[in-house]
Amino acid sequence: NLPAISVRKMLPVVILGVVPLVAVGAALATPPLFFTGTPIARGTTPGQFKIKLQDSSSPADAAILQVTQAPGGHSGWHAHPGPAVVIVKSGELTIQQAKDCSSTTYTAGQVAIEPSGHVHIARNTGTTTLELWITFLDVPVGASTRIDAPGPGC
């Protein structure tokens, strides 16, 4: 029979056994080799949001697009086949929704999330060139990231 050992007495032994393993794991981690990353754009998301993708059993494309737009310019009314994550790198972006004609303005360092199928127009309402970096998800393979739509009369 083994003697009964209390959990209190075993805890220090367990901790002493685990701490060296964590240190060894950190020491064995591999640093990158011939691998560099260049930050292009970064922004902060607006609180809580969800991105819903279509059925993942079929292949889909992801695409990244850099967009520049002069002051007063706009995208025309359109939607996207999948969700889009828009980082405003510089300038002022106003997105107007077709469903209720509401609009939201984003400035440099902010992120706009565009759900799939939502018709909208993107305008440069600022006084400087607008630069956006947009990641499109769930785009049918080889298809456009943009679906043209008629204006709602807003």
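Residues numbered from 1 in each chain as written. Predicted model: local features only at pLDDT ≥ 70, side-chain atom pairs only at ≥ 80, totals over all residues. Heavy atoms only, no water.

Asks: Where do I start with the overall build of the protein chain in this structure?
Replies: For the protein chain, the count of helices and strands is 1 helix and 9 strands. N-terminal to C-terminal, the α/β element order of the protein chain is α-β-β-β-β-β-β-β-β-β. Within the protein chain, residue pairs in contact and separated by at least 24 positions form 81% of the contacts whose partners lie at least 6 positions apart. Total accessible area on the protein chain stands at roughly 10,600 Å², and carbon and sulfur atoms take up 61% of it. (Helix = DSSP H or I, 4+ residues; strand = E, 2+ residues; numbered from the N terminus. Contact = heavy atoms within 4.5 Å. Areas by Shrake-Rupley, 256 points an atom, 1.4 Å probe, with all protein chains shown as cover.)

Asks: I would appreciate a short explanation of the sheet that holds strand β3 (residues 84–90) in the present structure.
Replies: Note on sheets: strands pair through backbone hydrogen bonds, and any given pair is parallel or antiparallel. Pairing is antiparallel in the open sheet, where 4 strands are placed in the order β1-β8-β3-β6. Strand pairing shows two members of the sheet lacking a second neighbour, β1 (60–69) and β6 (111–114), which therefore form its edges. Direction aside, the axes of adjacent strands within the sheet are offset by 20 degrees on average. (Pairing = 2+ DSSP bridges. Axes fitted to C-alpha atoms, helices over the stretch in contact; angles between N-to-C directions.)

Asks: Can you help me understand unusual backbone geometry in this one?
Replies: With the exception of glycine, most residues fall at negative phi, and the peptide bonds are largely trans. Positive phi, normally seen in glycine, also occurs at Cys-101, with a value near 65 degrees. For Cys-101, the position within the fold is in the loop between β4 (92–97) and β5 (103–107). We classify Cys-101 as partly exposed; its relative accessible area is 33%. Of note in this structure, Asp-138 is not a glycine but carries a positive phi near 60 degrees. (Buried < 20%, exposed > 50% of the residue type's maximum accessible area, 1.4 Å probe, protein only.)

Asks: Looking at this structure, I do not really get a nonpolar patch on the surface. What am I missing?
Replies: Side chains of Phe-49, Ile-51 and Leu-53 sit close together on the surface and give an oily, nonpolar patch of about 250 Å² of accessible area. Of note, Leu-53 is situated in the loop between α1 (7–28) and β1. By relative accessible area, which is 47% here, Leu-53 ends up partly exposed. (Patch = residues over 30% accessible without salt bridge, like charges linked within 9 Å, V, L, I, M, F, W, Y side chains within 5 Å. Salt bridge = Lys/Arg side-chain N within 4 Å of Asp/Glu carboxyl O.)

Asks: Just to check I follow, could you spell out the layout of surface pockets for this structure?
Replies: One simple way to see leftover space: roll a probe sized like a water molecule over the atoms. Here the largest pocket is characterised by a volume of approximately 210 Å³. Among the secondary structure elements, those contributing two or more residues to the lining of the largest pocket are β1, β4, β7 (120–124) and β8 (130–140). If you tally residues by element for the lining of the largest pocket, the top one is β8, at 4 residues. (1 Å grid on protein atoms, 1.4 Å probe; cavity = no way out; pocket = protein on both sides within 12 Å on 5 of 7 lines; lining within 4 Å. Points joined across faces, edges and corners; volume = space filled by probe spheres on them.)

Asks: Is there a simple way to think about the state of the cysteines in this case?
Replies: One way to say it: the disulfide is the covalent bond shared by the sulfur atoms of two cysteines. Summed over all chains, the structure comprises 1 disulfide. Between Cys-101 and Cys-154 runs a disulfide, and the two sulfur atoms are separated by 1.9 Å. Sign of the S-S torsion, about -80 degrees for the bond between Cys-101 and Cys-154, identifies this disulfide as left-handed. Residue Cys-101 is located in the loop between β4 and β5, and its partner Cys-154 is located in the segment after β9 (147–148); the two are separated by 53 residues in the primary sequence. With relative accessibility at 44%, the residue Cys-154 sits in the partly exposed group. (Disulfide = S-S within 2.5 Å.)

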